[in-house]
Amino acid sequence: MSEAPIGVFDSGVGGLTVLRALLSELPHEKFIYLGDTARLPYGTKSPESVTRYAAQAAAALADRALKCLVVACNTASASSLPAMRERLPGVLVVGVIEPGAQAACEASPTGRIAVIATEGTVQGRAYQEAILRRRGDARIQAMATPLFVALAEEGLVSGPIALGVARHYLAALSQAASDAPDTLVLGCTHFPMLAGVIRAALGERMRIVDSAATTAKEVRQRLEGAGLARRAGASAVRFLASDGAERFARVGSRFLARTIAPADVELIDL
Ligand code: DGL
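Residues numbered from 1 in each chain as written. Predicted model: local features only at pLDDT ≥ 70, side-chain atom pairs only at ≥ 80, totals over all residues. Heavy atoms only, no water.

Visitor: I'd like a description of the state of the cysteines, backed by residues and values.
Guide: By definition, a disulfide links the sulfur atoms of two cysteines through a covalent bond. Summed over the entire model, instances satisfying the criterion amount to zero disulfides. Unpaired in this structure, Cys68 has its nearest cysteine sulfur neighbour in Cys73, at a distance of 16 Å. Judged by its relative accessible area of 0%, Cys68 falls in the buried class. Here Cys105 stays free of any disulfide, with the sulfur of Cys188 as its closest cysteine sulfur at 20 Å. (Disulfide = S-S within 2.5 Å. Buried < 20%, exposed > 50% of the residue type's maximum accessible area, 1.4 Å probe, protein only.)

Here it is, written out as C-alpha coordinates:
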(Lines give C-alpha, C1' and ligand atoms only; values in the text may rest on other atoms or scores of the structure.)
Protein backbone atom coordinates (compact mmCIF):
# COMPACT_ATOMS: atom_id res chain seq x y z
CA MET A 1 0.00 0.00 0.00
CA SER A 2 2.90 2.41 0.61
CA GLU A 3 3.60 2.21 -3.16
CA ALA A 4 0.12 3.63 -3.91
CA PRO A 5 -0.10 7.25 -5.09
CA ILE A 6 -1.27 10.30 -3.15
CA GLY A 7 -4.06 12.26 -4.85
CA VAL A 8 -4.06 16.04 -4.71
CA PHE A 9 -7.29 17.77 -5.65
CA ASP A 10 -7.98 21.43 -6.38
CA SER A 11 -10.42 23.53 -8.39
CA GLY A 12 -7.58 24.38 -10.80
CA VAL A 13 -3.87 25.13 -10.72
CA GLY A 14 -3.77 26.83 -7.30
CA GLY A 15 -3.32 23.53 -5.48
CA LEU A 16 0.05 23.20 -7.18
CA THR A 17 1.36 25.42 -4.35
CA VAL A 18 0.30 22.62 -2.00
CA LEU A 19 1.80 19.97 -4.31
CA ARG A 20 5.07 21.94 -4.22
CA ALA A 21 5.08 21.73 -0.41
CA LEU A 22 4.16 18.03 -0.55
CA LEU A 23 7.01 17.26 -2.97
CA SER A 24 9.48 18.92 -0.65
CA GLU A 25 8.11 17.24 2.51
CA LEU A 26 7.61 13.80 0.89
CA PRO A 27 10.33 13.42 -1.78
CA HIS A 28 9.74 9.70 -2.43
CA GLU A 29 6.00 9.73 -3.10
CA LYS A 30 4.02 9.35 -6.33
CA PHE A 31 1.31 11.96 -6.82
CA ILE A 32 -1.78 12.28 -9.02
CA TYR A 33 -2.86 15.92 -9.21
CA LEU A 34 -6.41 16.69 -10.39
CA GLY A 35 -7.45 20.27 -11.21
CA ASP A 36 -11.13 20.85 -12.01
CA THR A 37 -10.26 23.63 -14.46
CA ALA A 38 -13.57 23.23 -16.31
CA ARG A 39 -15.51 24.51 -13.29
CA LEU A 40 -13.01 26.91 -11.68
CA PRO A 41 -13.47 29.09 -9.66
CA TYR A 42 -15.04 27.32 -6.71
CA GLY A 43 -14.61 30.32 -4.42
CA THR A 44 -17.58 32.24 -5.79
CA LYS A 45 -19.97 29.27 -5.99
CA SER A 46 -22.52 28.00 -3.47
CA PRO A 47 -21.44 25.25 -1.03
CA GLU A 48 -24.00 22.93 -2.66
CA SER A 49 -22.35 23.31 -6.09
CA VAL A 50 -18.82 22.99 -4.68
CA THR A 51 -19.83 19.82 -2.81
CA ARG A 52 -21.36 18.33 -5.98
CA TYR A 53 -18.22 19.12 -8.00
CA ALA A 54 -15.88 17.84 -5.29
CA ALA A 55 -17.88 14.62 -4.87
CA GLN A 56 -17.69 14.02 -8.63
CA ALA A 57 -13.93 14.59 -8.54
CA ALA A 58 -13.59 12.12 -5.66
CA ALA A 59 -15.65 9.56 -7.60
CA ALA A 60 -13.35 10.04 -10.62
CA LEU A 61 -10.34 9.34 -8.38
CA ALA A 62 -11.93 6.35 -6.66
CA ASP A 63 -10.59 3.74 -9.13
CA ARG A 64 -6.99 5.05 -8.96
CA ALA A 65 -6.09 3.11 -5.80
CA LEU A 66 -4.98 6.15 -3.78
CA LYS A 67 -3.61 5.72 -0.27
CA CYS A 68 -4.38 9.33 0.57
CA LEU A 69 -6.20 12.31 -0.94
CA VAL A 70 -5.10 15.85 -0.10
CA VAL A 71 -7.91 18.32 -0.72
CA ALA A 72 -5.67 21.26 -1.53
CA CYS A 73 -8.55 23.61 -2.32
CA ASN A 74 -9.54 25.65 0.74
CA THR A 75 -13.06 26.23 -0.58
CA ALA A 76 -13.66 22.50 -1.12
CA SER A 77 -11.98 21.64 2.20
CA ALA A 78 -14.33 24.07 3.93
CA SER A 79 -17.55 22.55 2.60
CA SER A 80 -17.00 19.16 1.04
CA LEU A 81 -14.68 16.87 3.05
CA PRO A 82 -17.50 14.58 4.31
CA ALA A 83 -18.90 14.12 0.78
CA MET A 84 -15.43 13.33 -0.55
CA ARG A 85 -14.66 10.86 2.28
CA GLU A 86 -17.91 9.07 1.56
CA ARG A 87 -16.80 8.38 -2.01
CA LEU A 88 -13.31 7.23 -1.01
CA PRO A 89 -13.79 4.63 1.74
CA GLY A 90 -10.47 3.42 3.16
CA VAL A 91 -8.57 6.42 1.77
CA LEU A 92 -7.01 8.93 4.17
CA VAL A 93 -8.57 12.28 3.17
CA VAL A 94 -6.78 15.41 4.46
CA GLY A 95 -8.00 18.99 3.95
CA VAL A 96 -6.07 22.23 4.35
CA ILE A 97 -8.28 24.06 6.87
CA GLU A 98 -7.47 22.13 10.06
CA PRO A 99 -3.66 22.24 9.54
CA GLY A 100 -3.89 25.95 8.66
CA ALA A 101 -5.95 26.69 11.77
CA GLN A 102 -3.54 24.71 13.94
CA ALA A 103 -0.54 26.59 12.55
CA ALA A 104 -2.27 29.94 13.13
CA CYS A 105 -3.04 29.11 16.75
CA GLU A 106 0.57 28.03 17.32
CA ALA A 107 1.93 31.17 15.66
CA SER A 108 -0.29 33.77 17.32
CA PRO A 109 0.84 35.07 20.71
CA THR A 110 -2.44 36.93 21.39
CA GLY A 111 -5.11 34.88 19.56
CA ARG A 112 -5.92 37.83 17.31
CA ILE A 113 -5.92 36.10 13.94
CA ALA A 114 -6.88 37.33 10.47
CA VAL A 115 -7.87 34.96 7.66
CA ILE A 116 -7.93 35.87 3.99
CA ALA A 117 -9.67 33.45 1.64
CA THR A 118 -12.30 33.15 -1.08
CA GLU A 119 -15.85 34.34 -0.51
CA GLY A 120 -17.06 30.72 -0.13
CA THR A 121 -14.43 29.85 2.50
CA VAL A 122 -15.11 33.02 4.51
CA GLN A 123 -18.90 32.61 4.42
CA GLY A 124 -18.72 28.92 5.31
CA ARG A 125 -16.83 29.91 8.52
CA ALA A 126 -14.71 26.73 8.48
CA TYR A 127 -11.48 28.56 9.44
CA GLN A 128 -13.27 30.57 12.12
CA GLU A 129 -14.71 27.40 13.69
CA ALA A 130 -11.47 25.42 13.41
CA ILE A 131 -9.54 28.23 15.14
CA LEU A 132 -12.17 28.66 17.87
CA ARG A 133 -12.17 24.90 18.59
CA ARG A 134 -8.48 25.17 19.37
CA ARG A 135 -8.54 28.54 21.05
CA GLY A 136 -11.88 29.64 22.47
CA ASP A 137 -10.68 33.18 23.22
CA ALA A 138 -9.44 33.83 19.65
CA ARG A 139 -10.57 37.03 17.94
CA ILE A 140 -10.85 36.35 14.26
CA GLN A 141 -11.16 38.74 11.37
CA ALA A 142 -12.00 36.88 8.12
CA MET A 143 -11.96 38.64 4.80
CA ALA A 144 -12.54 37.63 1.17
CA THR A 145 -9.80 38.89 -1.17
CA PRO A 146 -10.94 37.56 -4.56
CA LEU A 147 -8.72 39.74 -6.74
CA PHE A 148 -5.67 37.90 -5.37
CA VAL A 149 -6.85 34.79 -7.24
CA ALA A 150 -6.95 36.63 -10.59
CA LEU A 151 -3.61 38.39 -9.93
CA ALA A 152 -1.87 35.10 -9.18
CA GLU A 153 -3.27 33.46 -12.33
CA GLU A 154 -2.19 36.47 -14.43
CA GLY A 155 1.30 36.29 -12.98
CA LEU A 156 0.90 39.79 -11.52
CA VAL A 157 2.44 38.88 -8.19
CA SER A 158 4.75 41.85 -7.69
CA GLY A 159 4.90 45.48 -8.79
CA PRO A 160 2.54 48.41 -8.29
CA ILE A 161 -0.76 46.71 -9.28
CA ALA A 162 -0.33 43.73 -6.96
CA LEU A 163 0.98 45.94 -4.16
CA GLY A 164 -1.92 48.37 -4.62
CA VAL A 165 -4.48 45.56 -4.36
CA ALA A 166 -2.72 44.12 -1.30
CA ARG A 167 -2.72 47.54 0.40
CA HIS A 168 -6.37 48.05 -0.50
CA TYR A 169 -7.49 44.75 1.03
CA LEU A 170 -5.12 44.67 3.99
CA ALA A 171 -5.21 48.31 5.15
CA ALA A 172 -7.59 47.39 7.98
CA LEU A 173 -5.13 44.78 9.30
CA SER A 174 -1.96 46.82 9.12
CA GLN A 175 -3.20 49.51 11.48
CA ALA A 176 -1.07 49.97 14.54
CA ALA A 177 -4.12 49.64 16.86
CA SER A 178 -3.48 47.66 20.04
CA ASP A 179 -6.13 45.08 19.08
CA ALA A 180 -4.84 44.54 15.50
CA PRO A 181 -4.26 40.88 14.51
CA ASP A 182 -0.72 39.54 14.93
CA THR A 183 -1.15 36.55 12.59
CA LEU A 184 -2.53 36.21 9.08
CA VAL A 185 -3.63 32.91 7.54
CA LEU A 186 -3.29 32.62 3.75
CA GLY A 187 -6.50 30.59 3.39
CA CYS A 188 -6.45 30.08 -0.37
CA THR A 189 -4.22 28.06 -2.67
CA HIS A 190 -3.29 31.12 -4.73
CA PHE A 191 -2.15 33.43 -1.96
CA PRO A 192 1.35 32.03 -1.31
CA MET A 193 2.16 33.35 -4.82
CA LEU A 194 1.52 36.86 -3.47
CA ALA A 195 3.37 36.43 -0.17
CA GLY A 196 5.88 39.16 -1.12
CA VAL A 197 3.33 41.95 -1.64
CA ILE A 198 1.21 40.76 1.29
CA ARG A 199 4.30 41.03 3.50
CA ALA A 200 5.12 44.47 2.03
CA ALA A 201 1.57 45.71 2.69
CA LEU A 202 1.51 44.45 6.28
CA GLY A 203 5.06 45.04 7.46
CA GLU A 204 7.38 42.75 9.36
CA ARG A 205 5.28 42.62 12.54
CA MET A 206 2.58 40.29 11.15
CA ARG A 207 3.14 36.52 11.30
CA ILE A 208 2.03 34.94 8.04
CA VAL A 209 0.87 31.32 8.06
CA ASP A 210 0.65 29.33 4.87
CA SER A 211 -1.61 26.26 5.01
CA ALA A 212 0.36 24.50 2.23
CA ALA A 213 3.46 23.83 4.33
CA THR A 214 1.51 22.82 7.44
CA THR A 215 -0.75 20.48 5.45
CA ALA A 216 2.30 18.78 3.90
CA LYS A 217 3.71 18.17 7.40
CA GLU A 218 0.38 16.76 8.57
CA VAL A 219 0.22 14.40 5.56
CA ARG A 220 3.75 13.14 6.27
CA GLN A 221 2.92 12.52 9.94
CA ARG A 222 -0.35 10.73 9.12
CA LEU A 223 1.28 8.51 6.46
CA GLU A 224 4.21 7.67 8.72
CA GLY A 225 1.83 6.99 11.61
CA ALA A 226 -0.15 4.55 9.44
CA GLY A 227 2.99 2.90 8.04
CA LEU A 228 2.05 4.12 4.56
CA ALA A 229 4.98 6.41 3.72
CA ARG A 230 7.18 5.49 0.73
CA ARG A 231 10.71 5.58 2.06
CA ALA A 232 12.88 5.38 -1.08
CA GLY A 233 12.79 6.06 -4.81
CA ALA A 234 12.19 9.16 -6.88
CA SER A 235 8.98 11.18 -6.72
CA ALA A 236 6.62 11.22 -9.70
CA VAL A 237 3.62 13.38 -10.64
CA ARG A 238 0.76 12.79 -13.06
CA PHE A 239 -1.42 15.77 -13.97
CA LEU A 240 -5.14 15.46 -14.70
CA ALA A 241 -7.41 18.39 -15.58
CA SER A 242 -11.03 18.74 -16.65
CA ASP A 243 -10.23 21.43 -19.25
CA GLY A 244 -7.45 23.38 -20.98
CA ALA A 245 -4.20 21.38 -20.97
CA GLU A 246 -2.24 24.28 -22.47
CA ARG A 247 -3.40 26.85 -19.92
CA PHE A 248 -2.97 24.35 -17.07
CA ALA A 249 0.64 23.77 -18.16
CA ARG A 250 1.43 27.46 -18.71
CA VAL A 251 -0.09 28.90 -15.52
CA GLY A 252 0.59 25.78 -13.48
CA SER A 253 4.33 25.88 -14.22
CA ARG A 254 4.51 29.15 -12.29
CA PHE A 255 2.55 27.79 -9.34
CA LEU A 256 4.63 24.61 -9.15
CA ALA A 257 7.89 26.45 -9.89
CA ARG A 258 8.83 23.81 -12.45
CA THR A 259 7.94 23.26 -16.09
CA ILE A 260 4.79 21.32 -16.93
CA ALA A 261 4.42 20.48 -20.65
CA PRO A 262 0.89 20.49 -22.15
CA ALA A 263 1.52 16.90 -23.26
CA ASP A 264 1.95 15.93 -19.58
CA VAL A 265 -1.62 17.02 -18.77
CA GLU A 266 -4.31 14.38 -19.31
CA LEU A 267 -7.82 15.73 -19.82
CA ILE A 268 -10.61 13.84 -18.03
CA ASP A 269 -14.37 14.25 -17.72
CA LEU A 270 -15.77 14.63 -14.24
N1 DGL B 1 -8.52 26.77 -4.93
C2 DGL B 1 -9.40 27.78 -4.39
C3 DGL B 1 -9.21 27.86 -2.86
O4 DGL B 1 -8.17 27.54 -2.34
C5 DGL B 1 -9.17 29.15 -5.01
C6 DGL B 1 -9.59 29.24 -6.45
C7 DGL B 1 -11.08 29.06 -6.65
O8 DGL B 1 -11.87 29.94 -6.26
O9 DGL B 1 -11.46 28.02 -7.18
O10 DGL B 1 -10.12 28.25 -2.17
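That was the structure; now back to the text.
Visitor: Can you explain empty space enclosed by the protein? Please cite residues and give values.
Guide: All told, the structure shown has one cavity of 30 Å³ or more when counted by the stated rule. Space inside the largest cavity adds up to approximately 30 Å³. Residue lining of the largest cavity: Thr17, Val18, Asn74, Leu186, Cys188, Thr189, Pro192, Asp210, Ser211 and Ala212, and that is the complete set. The class makeup of the residues in the lining of the largest cavity is five nonpolar, four polar and one charged. (1 Å grid on protein atoms, 1.4 Å probe; cavity = no way out; pocket = protein on both sides within 12 Å on 5 of 7 lines; lining within 4 Å. Points joined across faces, edges and corners; volume = space filled by probe spheres on them. Nonpolar A, V, L, I, M, F, W, Y, C, P; charged D, E, K, R; others polar.)

Visitor: Which residues make up the packing of aromatic side chains, and what values go with them?
Guide: Inspection of every chain in the model, using the stated rule, returns six aromatic pairs. Each ring, one from Phe9 and one from Tyr42, has its centre 6.2 Å from the other, and the planes form 50 degrees; the classification is tilted. A residue pair is termed long-range when its members are at least 10 positions apart, and Phe9 in strand S1 (residues 6–10) and Tyr42 in the loop between strand S2 (30–35) and helix H2 (47–61) qualify at 33 residues. Members of the aromatic cluster, joined through ring pairs, are Phe9, Tyr42 and Tyr53. (Phe/Tyr/Trp six-rings, centres within 6.5 Å; stacked < 30°, edge-to-face > 60°. Helix = DSSP H or I, 4+ residues; strand = E, 2+ residues; numbered from the N terminus.)

Visitor: Talk me through the site of the ligand; I want residue IDs and the actual numbers.
Guide: Near the ligand, the surroundings consist of 13 residues, among which Asp10, Ser11, Tyr42, Gly43 and Thr75 are the closest. Look at the ligand: alone it shows 300 Å² of surface, and the protein chains cover 99% of it. Split into classes, the residues belonging to the shell around the ligand amount to five nonpolar, seven polar and one charged. (Near = heavy atom within 4 Å. Areas by Shrake-Rupley, 256 points an atom, 1.4 Å probe, with all protein chains shown as cover.)

Visitor: Help me get a handle on the packing of helix H4 (residues 97–107) against helix H6 (residues 126–134), residues and values and all.
Guide: Taken N-terminus to C-terminus, the directions of H4 and H6 make an angle of 50 degrees; their axes are 9 Å apart at the nearest point. Between H4 and H6, the interaxial angle falls into the category oblique. Helix-helix and strand crossings are classified by hand; for H4 and H6 the assignment is right-handed. Every residue of H6 that contacts H4 at Ile97, Glu98, Gly100, Ala101, Gln102 and Cys105 is listed here: Ala126, Tyr127, Ala130, Ile131, Arg133 and Arg134. Split by residue class, the contact of H4 with H6 holds seven nonpolar, two polar and three charged. (Axes fitted to C-alpha atoms, helices over the stretch in contact; angles between N-to-C directions. Parallel < 35°, antiparallel > 145°, perpendicular 65-115°, else oblique. Left-handed = near helix turned anticlockwise from the far one by under 90°. Contact = heavy atoms within 4.5 Å.)

Visitor: Describe the sheet that holds strand S5 (residues 112–117), with residues and values.
Guide: One open sheet holds the four strands; their spatial order is S6-S5-S7-S8, and the pairing between them is parallel. The open sheet terminates on both sides in strands that have one partner only, identified here as strand S6 (139–144) and strand S8 (207–210). Recorded for the sheet is a direction-independent mean angle of 20 degrees between the axes of neighbouring strands. Inspection of the sheet shows S5 paired to strand S7 (residues 183–187) by five bridges, in the parallel sense. The residue bridging Ala114 from the neighbouring strand is Leu184, located in S7. Its contacts with the sheet put helix H8 (residues 160–174) on S5, S6 and S7, and the angle it makes with S6 is roughly 170 degrees. (Pairing = 2+ DSSP bridges.)

Visitor: For the sheet that holds strand S4 (residues 92–95), give the residues involved together with the corresponding values.
Guide: The strands that make up a sheet pair up through hydrogen bonds in the backbone, lying either parallel or antiparallel. Reading across the sheet, the six strands line up as S4-S3-S1-S2-S9-S10 and stay open at both edges, with parallel pairing between neighbours. Of all the strands in the sheet, just S4 and strand S10 (265–267) have a single pairing partner and so form its edges. Looking at each pair of strands side by side, their axes are set apart by 20 degrees on average, direction ignored. By the bridge criterion, four bridges tie strand S3 (residues 68–71) to S4 in an arrangement that is parallel. Pairing of Val71 across the sheet is with Gly95, part of S4. The sheet contacts of helix H3 (residues 74–87) involve S1, S3 and S4, and relative to S3 the element is tilted by about 155 degrees.

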